[in-house]
Amino acid sequence: MKITSTSCICPVLVCLCFVQRCYGTAHHSSIKVMRNQTKHIEGETEVHHRPKRGWVWNQFFVLEEHMGPDPQYVGKLHSNSDKGDGSVKYILTGEGAGTIFIIDDTTGDIHSTKSLDREQKTHYVLHAQAIDRRTNKPLEPESEFIIKVQDINDNAPKFTDGPYIVTVPEMSDMGVIRTALHNMDREAREHYSVVIQAKDMAGQVGGLSGSTTVNITLTDVNDNPPRFPQKHYQLYVPESAQVGSAVGKIKANDADTGSNADMTYSIINGDGMGIFSISTDKETREGILSLKKPLNYEKKKSYTLNIEGANTHLDFRFSHLGPFKDATMLKIIVGDVDEPPLFSMPSYLMEVYENAKIGTVVGTVLAQDPDSTNSLVRYFINYNVEDDRFFNIDANTGTIRTTKVLDREETPWYNITVTASEIDNPDLLSHVTVGIRVLDVNDNPPELAREYDIIVCENSKPGQVIHTISATDKDDFANGPRFNFFLDERLPVNPNFTLKDNEDNTASILTRRRRFSRTVQDVYYLPIMISDGGIPSLSSSSTLTIRVCACERDGRVRTCHAEAFLSSAGLSTGALIAILLCVLILLAIVVLFITLRRSKKEPLIISEEDVRENVVTYDDEGGGEEDTEAFDITALRNPSAAEELKYRRDIRPEVKLTPRHQTSSTLESIDVQEFIKQRLAEADLDPSVPPYDSLQTYAYEGQRSEAGSISSLDSATTQSDQDYHYLGDWGPEFKKLAELYGEIESERTT
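Predicted, not measured: the structure shown is a model, and the values here were computed from it. (Residues numbered from 1 in each chain as written. Predicted model: local features only at pLDDT ≥ 70, side-chain atom pairs only at ≥ 80, totals over all residues. Heavy atoms only, no water.)

A word on the sheet that holds strand β19 (residues 347-353). Reading across from one edge, β19-β26-β25-β22 is the order of the four strands in this open sheet, with mixed pairing throughout. Looking at which strands have only one partner, the edges of the open sheet turn out to be β19 and β22 (377-382). For this sheet, the mean angle separating the axes of adjacent strands, direction not counted, is 30°. (Pairing = 2+ DSSP bridges. Helix = DSSP H or I, 4+ residues; strand = E, 2+ residues; numbered from the N terminus. Axes fitted to C-alpha atoms, helices over the stretch in contact; angles between N-to-C directions.)

What follows is the structure in structure tokens.
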């Protein structure tokens with residue numbers, strides 16, 4: 001609006017008004033009377049008593065925003081039992097008791113210690129009680145009262161959508177919009193349009209006016225309770241419904257919107273409370289009815305439920321409109337469905353003895369048709385294709401029998417699945433698990449727990465325990481231990497070893513005599529018998545192998561027979577073969593190496609000149625006895641075997657000499673010394689022989705001597721009274737010699 005100096009300014013004020021609903025609060029009496037009541041026994045005449053006043057309050061209100069230095073006086077509690085002698089103690093509990101409101105426990109005066117704000121909290125609910133100060137017993141029943149906070153004008157009005165910017169001509173009047181109807185109902189009409197007109201010049205003729213439209217929308221409050229469209233409902237549920245599944249829906253209508261229409265459903269009564277449950281769908285605000293337990297048409301054909309729907313967000317300003325909930329009755333009809341057979345038990349446990357004859361009855365299962373038709377039932381066992389079929393079942397009676405001989409030691413437990421079906425409807429099947437335990441019979445004799453390697457020392461004494469053995473049995477504990485160990489009475493008494501039953505399922509091997517000799521016998525065998533504690537008892541025989549070993553004085557084994565040593569070392573047959581192969585490979589490598597070295601030797605090259613003018617130097621000492629290339633060793637070992645003159649084979653002679661043949665009589669009578677001289681002369685005269693010395697080994701000792709042996713070894717067989725105990729003091733080098741002479745002496749004394 002443009003304003004000039006010659007024009008008149010007419011202010012126009014446009015005010016936006018809001019709808020406000022005010023509710024007055026009636027003031028109650030400041031005196032609260034508690035009446036005593038008398039209980040009446042059923043059948044007796046009611047007796048009326050004069051009511052007595054028990055509590056008196058002088059004040060129920062307190063001003064908000066109190067700023068004084070002292071606590072604000074609220075009121076006074078007083079009981080008729082209070083005589084003013086201080087014997088009555090007043091106790092205050094509830095909202096703000098002890099923090100906002102304090103009470104003088106003697107006089108009953110209540111004070112407020114803090115400044116209160118009615119806009120934050122309008123009232124406080126407290127409880128008062130008067131008790132005897134000496135006995136702490138209540139003199140009056142506990143009572144409830146309310147302290148309301150009185151409002152003062154401490155809040156300036158505010159426009160919720162402000163601030164507003166308007167140009168108002170001066171001298172304008174202000175208009176206010178007010179509700180013309182009491183309790184305007186949004187559910188009846190939600191939107192209103194109001195036209196506001198402003199006139200200048202106080203509405204006189206010639207004045208100008210302007211108008212505007214104000215659209216008013218009523219917001220919702222929870223002033224409508226939920227309502228079921230019907231008071232009775234009916235629902236059909238088949239008995240085959242699964243537990244936990246939803247079987248139906250129900251809905252109550254609420255005229256409010258938003259959170260004011262939110263509600264929850266619950267079952268408040270009925271014979272189906274334990275069978276059904278109800279939950280609330282927050283999106284659709286429907287009650288979802290679910291099944292908690294399985295239904296059975298044959299046992300119960302219908303159920304009745306009382307279902308309640310209640311608002312979750314209540315507005316106490318409208319509590320006078322009634323309870324914000326509604327209830328309805330739901331009748332559930334259970335539908336009959338053809339059900340599969342029902343076994344008499346959820347699972348079965350049966351027992352049968354092992355080794356039982358084929359066709360032995362193990363047990364019987366039973367299933368019946370739960371429907372009223374009571375159809376016949378057929379049975380069969382579920383087997384996989386690869387399973388061994390140890391049992392079969394009678395299709396009509398459900399009797400389970402064996403089809404094979406069972407062995408508990410092989411399979412102690414069987415689990416099979418039996419299926420039952422109705423003849424009228426074979427597609428309806430039910431299954432049950434049958435556990436079959438195989439009971440034990442004494443069909444396995446006891447045997448040694450393991451292979452024992454028993455060793456006896458050469459210096460053992462009679463009655464000495466050399467080993468302890470134990471036994472095992474494949475049968476159950478009842479048919480196994482206790483084990484009995486004994487020697488076979490049909491055999492002669494063993495002079496070397498005996499057996500002692502320790503009566504704890506073990507036995508000890510004892511020696512019968514002193515001293516054993518490996519040179520005499522290094523292995524002994526002891527047959528034993530073992531019986532179990534089953535009925536009837538079973539027994540078995542075993543043979544123990546006992547090896548003789550040399551031991552130290554403290555019993556430690558020093559050496560045994562080669563086989564015992566290898567066995568104690570833990571070498572298997574495969575390991576021994578591997579060791580032998582390694583040794584053979586090493587020998588082959590050594591032989592090959594020696595052969596290669598010999599093949600690399602260069603032959604002697606003799607000049608064609610006169611050998612007497614050449615000196616050949618070499619360091620070859622010859623091959624010794626094993627050098628069979630240079631000469632014939634048989635000629636040296638036995639001169640009688642040299643029948644003809646032989647040449648050396650390590651060189652190629654240029655001139656061949658005519659061999660000299662000798663008669664057999666000459667060869668037999670020739671002396672070794674003469675033979676050597678003859679050979680030496682031939683070698684000196686032979687021009688093909690190089691001029692070098694040769695070291696030869698002659699191992700021939702001549703013919704056998706006519707005299708007997710003079711060795712001292714044969715003296716061991718002669719009788720001697722000499723004491724050889726001193727050999728044991730010469731140290732470990734003479735230990736073997738001391739043992740040998742000690743054995744001879746012990747044998748001589750026995």
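At the junction of Ile535 and Pro536, the peptide bond is cis and its omega measures out at -5° in the coordinates. Residues other than glycine seldom take positive phi values, yet Glu65 does so here, at roughly 55°. As for its position among the elements, Glu65 is in the loop between β2 (61-63) and β3 (72-79).

Turning to the state of the cysteines, a few remarks are in order. In this structure the tally under the stated criterion is two disulfides. In this model, Cys457 is linked to Cys551 through a disulfide, with the two sulfur atoms separated by 2.0 Å. Linking Cys457 and Cys551, the disulfide has an S-S dihedral of approximately -85° and is accordingly described as left-handed. On the criterion of sequence distance, the pair formed by Cys457 in strand β28 (residues 454-457) and Cys551 in strand β34 (residues 539-551) is long-range, its members being 94 residues apart. At a sulfur-sulfur separation of 1.7 Å, the disulfide partner of Cys549 is Cys560. Because the torsion about its S-S bond is 115°, the bridge between Cys549 and Cys560 counts as right-handed. Residue Cys549 is found in strand β34, and its partner Cys560 is found in the loop between β35 (557-559) and α1 (562-569); the two are separated by eleven residues along the sequence. (Disulfide = S-S within 2.5 Å.)

This brings us to the sheet that holds strand β7 (residues 123-132). Taken in spatial order, the four strands line up as β2-β8-β7-β4 in an open sheet, and their pairing is mixed. The open sheet is flanked by β2 and β4 (88-94), the only strands paired with a single partner. Averaged over all neighbouring strand pairs, the angle between strand axes comes to 30°, with direction disregarded. Of the strand pairs in this sheet, β2 and strand β8 (residues 143-150) are connected by three bridges, and their pairing is parallel.

So, about the packing of aromatic side chains. Going through the model one piece at a time under the given rule, you end up with nine aromatic pairs. With a centroid separation of 5.2 Å and 75° between ring planes, the pair formed by Phe101 and Tyr124 is classed as edge-to-face. With Phe101 in strand β5 (residues 101-103) and Tyr124 in strand β7, this residue pair connects regions lying 23 residues apart in the sequence. Here the two residues Phe101 and Tyr124 agree in accessibility, since each one is buried. (Phe/Tyr/Trp six-rings, centres within 6.5 Å; stacked < 30°, edge-to-face > 60°. Buried < 20%, exposed > 50% of the residue type's maximum accessible area, 1.4 Å probe, protein only.)

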